[in-house]
Amino acid sequence: MQQIVNSSYCYAKSWLNEGEVADYIPELCKVDKDQFGVCITNLVGQTYGSGDFEQKFTVQSICKVILLITALKDVGFDAVFARVGMEPTGDKFNSIIRLETGSGKPLNPMINAGAIAVSSCLKGTNVEEKFEKVLAMANALFGKTDTEYDKSVFLSEQTTGDRNRALAYMMRSGGVFENNVDEILNVYFKSCSILASCKDISHMGAVLANEGRSPTTGKMIVDPFFVKVVLSLMSICGLYDASGEFALRVGICAKSGVGGGILGVVPNRMGIATFAPRLDSKGNSCCGIKAMEYLSQALSLSIF
Ligand code: GLU
């Protein structure tokens, strides 16, 4: 397995100079653009990493999976899906258009509007209490106890996040939720700024691949029904408007983030994570996609 992970790294590294780092969040531009890591965690907790697989980065949209799991646990399936849909979208991850032309409810929890609606479901009296729940879930999923968030990235998102603010106000005016917009956004921005390495994220993938049970401690972390919900959504809308092509070419349940990370889950087999900051035109890590493609072929991982 180590050899295959190394080969996926060497193969995908040829795409290291392709794409651009996300610059709409100014702080994200400061990362070392040449970092690249790949990691697999299997269902008995063994880890195989190559390159910068222990380097931490902000999870960005990968937090949408953590937020969804936290909210499902906090308020249940019906309450969450009263505020967000379960259909894919061919629009960009931060698109506002369907909030105006559709029912007003965001299409799914894997786009920005959907994740903001999911954040609004969390119970708690203030941002800290709500974010504590998200961090606790991140710790359990990563198999750690000391997960932190990057304060500079959080502040950068808070200062420049007008589009997300617009999405939130549209949803509030459409009756999706009644919460204070700044409070919801602070929970969402802090969640996007959570720091994790490929090793941590592949552990999270292995928990989901293992029907919700930690591969290292054996503890049940996510209700198996919620695992099904999350994996279905990842498989149909985890890679923004490139989800269809990724399903055909790779066939792994996945969620990408504009920080350059990709979480992959192969049910009953393994969790996979990649990290390389340069993104393609759809916002997905160029090297990450190539490494996933390689691993899918080499290990016959497509779920289809
Ligand atoms: N924090 C980013 C945003 O809200 C996350 C986007 C992403 O990773 O897709 O725009």
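Residues numbered from 1 in each chain as written. Predicted model: local features only at pLDDT ≥ 70, side-chain atom pairs only at ≥ 80, totals over all residues. Heavy atoms only, no water.

Colleague: Any chance you could break down the overall build of the chain for me, citing the residues and the numbers?
Modeller: Check the secondary structure of the chain and you find 13 helices and seven strands. Expected size for 304 residues packed as a compact globule is a radius of gyration near 19 Å; at 17 Å, the chain falls within 12% of this value. Dimensions along the principal axes, computed over C-alpha positions, put the chain at roughly 55 × 40 × 35 Å. Counting every position in the chain, which comprises 304 residues, the buried fraction comes to 59%. Considering only residue pairs separated by 6 or more positions, the chain has 69% of its internal contacts joining residues 24 or more positions apart. Computed over 29 positive and 31 negative side-chain charges, the separation of the two mean positions in the chain equals 3 Å. (Helix = DSSP H or I, 4+ residues; strand = E, 2+ residues; numbered from the N terminus. Rg over C-alpha atoms; globule rule 2.2 N^0.38 Å. Buried < 20%, exposed > 50% of the residue type's maximum accessible area, 1.4 Å probe, protein only. Contact = heavy atoms within 4.5 Å. Lys, Arg positive; Asp, Glu negative; His and termini not counted. Charge placed at Lys NZ, Arg CZ, Asp CG, Glu CD.)

Colleague: Talk me through the side chain of T70; I want residue IDs and the actual numbers.
Modeller: Relative to the elements of secondary structure, T70 occurs in helix α2 (residues 63–75). From its side chain, T70 meets the backbone oxygen of I66 in a polar contact 2.6 Å long. Setting aside anything within four residues of it in sequence, one finds T70 in contact with L122, K133, V134 and M137. (Polar contact = N/O pair within 3.5 Å; in protein donor to acceptor, adjacent residues only side chain to side chain.)

Colleague: Can you lay out the sheet that holds strand β5 (residues 253–256) for me, pointing to particular residues and giving the numbers?
Modeller: With respect to topology, five strands assemble into an open sheet ordered β2-β1-β7-β6-β5, the strand pairing being antiparallel. Edge strands, defined here as strands with exactly one partner in the open sheet, are β2 (47–51) and β5. Across this sheet, the average inter-strand angle for adjacent strands is 10°, counted without regard to direction. Sheet topology places β5 next to strand β6 (residues 261–266); four bridges connect them, and they run antiparallel. Bridge pairing in β6 places K255 opposite L263. (Pairing = 2+ DSSP bridges. Axes fitted to C-alpha atoms, helices over the stretch in contact; angles between N-to-C directions.)

Colleague: Tell me about the pairing of β6, and please be specific about residues and values.
Modeller: Both faces of the sheet carry side chains from a regular strand, because those side chains alternate between them. With six of six residues buried, β6 lies mostly within the body of the structure. Taking the residues between adjacent antiparallel strands as the criterion, β5 and β6 are bridged by four residues, where G260 takes a positive phi near 105°. Across six bridges, β6 lies against strand β7 (residues 270–275) in antiparallel orientation. Of the residues in β7, the one forming a bridge with V266 is M270. Hairpin connection, β6 to β7: the antiparallel pair is bridged by three residues, and N268 has positive phi, about 65°.

Colleague: Explain the site of the ligand to me, and be specific about the residues and the numbers.
Modeller: Near the ligand lie 14 residues; those nearest to it are Y24, Q60, S61, E157 and Y240. In this structure, an oxygen atom belonging to the ligand sits 2.6 Å away from a side-chain N or O atom of S61. Between the ligand and N112 there is a distance of 3.1 Å, counted from an oxygen atom to a side-chain nitrogen or oxygen. Protein chains shield 99% of the accessible area of the ligand, which is 300 Å² for the free molecule. For the shell around the ligand, the residue count by class is seven nonpolar, five polar and two charged. (Near = heavy atom within 4 Å. Areas by Shrake-Rupley, 256 points an atom, 1.4 Å probe, with all protein chains shown as cover. Nonpolar A, V, L, I, M, F, W, Y, C, P; charged D, E, K, R; others polar.)

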